[in-house]
Structure formats: C-alpha cells, structure tokens
Amino acid sequence: VSQRTPLARGFSLIETLVALSVLIAIALGLGQLFVVATRANDRARSMAFTAVLAAEQVDRLRSLSWGFDDAGVRVTDTETDLTVSPERTGGVGLTPSPDDALERNLAGYCDFLDQSGRTIGNGGRPPLGTAYVRRWLLEPLAANPLDGLVIHVRVLTIESASSNNRVAAGEGRMVSVRARKAR
C-alpha cells in the first residue's frame, strides 16, 4: 500500500480557480496601468512638442530688427511675415497685436502647423491637416513702452484650440521680454 504525500495529490479545482482569478485580476490591473501610462506618455510628448514650437516662434520673433540705427533712431521690423515659411515681407513683424491674439486666430498673429511642426497655413481658419495652432501676442512693456516688448506665444493641439478653455491640455506657452539696445 503506497501512501500519497500532500505534494503528490495535485491541485484541487477550487485551488486552480482561485489561482486563475488572482492571475486575471493582476492581468487586468496591468492592462489598465499600461493604458494610463500610454496616455500620460502621449500627453507628455505633446506638451514637450508644443513647448518646442512655442520656443521656436519666440526665437523667430526675437530675431527681427528691434534696436537703433547708426543715427540713434529706433528701428522696428513691422513688415516680416512670420506666418509663412520661408519668411517674407507683407506681414506685421513686431507690430503690437490685439489683446485677444492668444485666444483666437488672427491674421498676422497665428499660423497652423502639421504633425511634424511645419507651417501649412495662416489666417482665421485652419487648413486640412492642421495638428497645431500657434498664436502670438506682442505688447509694449508697461515700464518702457517704446523700448520694451513682451512676446507671448501659445501653441495648442487642434483639439484644444477649438475648445474655450483658458489653459488646455497639450498646450505650450512661452513668454519673453525684448529690450532695445544701442549698437
């Protein structure tokens, strides 16, 4: 007569069902974690890219003429069109913008970008293929309106641009101050 040890008996149906239930619960939890992590990663990527697009526009605006000529006369670029690529004349340059330029699409203070960040249009309505809306506001510095300029740039995804939120998810903002300096 052989005597069976507890290990040789095997698992009962109840033990197998309990183990299977625990494995299913862990798998579902990991699946939800994966979905949340993927969404967070996509949002972080979008926010980083919009910040890069905002910084790029600030650099473009800061590169325009804003200083004094050899005779000491103030020089301000008011003709460069930054809503097209490559830049050309026929735009507003560093002309102060309307107060609501960051809230709505205004000709001269807004451009539309594709998924790769390339300019594909400007004006009031985004063309087909628009992934990002980039808006900028130029205002004289309150302390020194003739020689100081505040540059605000806001980049939104096309989904957040159509909402009326003051701050949207996947949005990049940048502010810079520009002062005239003599040569």
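Our subject is the structure that appears above.
So, here's what we can say about the structure. (Residues numbered from 1 in each chain as written. Predicted model: local features only at pLDDT ≥ 70, side-chain atom pairs only at ≥ 80, totals over all residues. Heavy atoms only, no water.)

## Some details on the packing of aromatic side chains
- This structure, assessed with the given rule, holds one aromatic pair.
- A cation sits over an aromatic face here: Arg 180 above Trp 66, 3.8 Å from the ring centre. (Phe/Tyr/Trp six-rings, centres within 6.5 Å; stacked < 30°, edge-to-face > 60°. Lys NZ or Arg CZ within 6 Å of the ring centre and 35° of its normal.)

## Some details on the sheet that holds strand E9 (residues 172-179)
- Reading across the sheet, the five strands line up as E6-E5-E7-E8-E9 and stay open at both edges, with antiparallel pairing between neighbours. Of all the strands in the sheet, just strand E6 (119-122) and E9 have a single pairing partner and so form its edges. Looking at each pair of strands side by side, their axes are set apart by 20 degrees on average, direction ignored.
- Bridge count between strand E7 (residues 132-140) and strand E8 (residues 148-157): nine bridges; the pairing is antiparallel. For Glu 139, the partnering residue across the bridge sits in E8 and is Val 150. (Pairing = 2+ DSSP bridges. Helix = DSSP H or I, 4+ residues; strand = E, 2+ residues; numbered from the N terminus. Axes fitted to C-alpha atoms, helices over the stretch in contact; angles between N-to-C directions.)

## Some thoughts on unusual backbone geometry
- Residue Pro 86 is reached from Ser 85 by a cis peptide bond, and omega for that bond is 0 degrees.
- Tracing the sequence through the fold places Pro 86 in the loop between strand E3 (80-81) and strand E4 (88-89).

## Side note on the side chain of Asp 77
- Its location among the elements puts Asp 77 in the loop between strand E2 (74-76) and E3.
- No salt bridge is formed by the buried Asp 77; its nearest oppositely charged neighbour, Arg 178, is found at 8.8 Å.
- Apart from the residues within four sequence positions on either side, Asp 77 is in contact with Leu 64, Ser 65, Val 92, Gly 93, Leu 94 and Thr 95. (Buried < 20%, exposed > 50% of the residue type's maximum accessible area, 1.4 Å probe, protein only. Lys, Arg positive; Asp, Glu negative; His and termini not counted. Salt bridge = Lys/Arg side-chain N within 4 Å of Asp/Glu carboxyl O. Contact = heavy atoms within 4.5 Å.)

## Considering the pattern of salt bridges
- Tallied over the entire structure, the rule returns eleven salt bridges.
- Taking the shortest distance from any N to any O, the salt bridge between Glu 87 and Arg 60 comes out at 3.1 Å. Of this pair, Glu 87 sits in the loop between E3 and E4 while Arg 60 is found in helix H2 (residues 13-62), placing the two residues 27 residues apart along the sequence.
- When its relative accessible area of 14% is taken as the criterion, Arg 60 is described as buried.
- The salt bridge involving Arg 118 is made with Asp 114; its shortest N-O contact spans 3.3 Å.
- Note on Arg 118: relative accessible area 51%, which makes it exposed.
- Looking at Asp 114, the relative accessible area reads 14%, which means it is buried.
- Salt bridges here are not isolated pairs; linked through shared partners, they connect Glu 103, Arg 154, Glu 171 and Arg 173.

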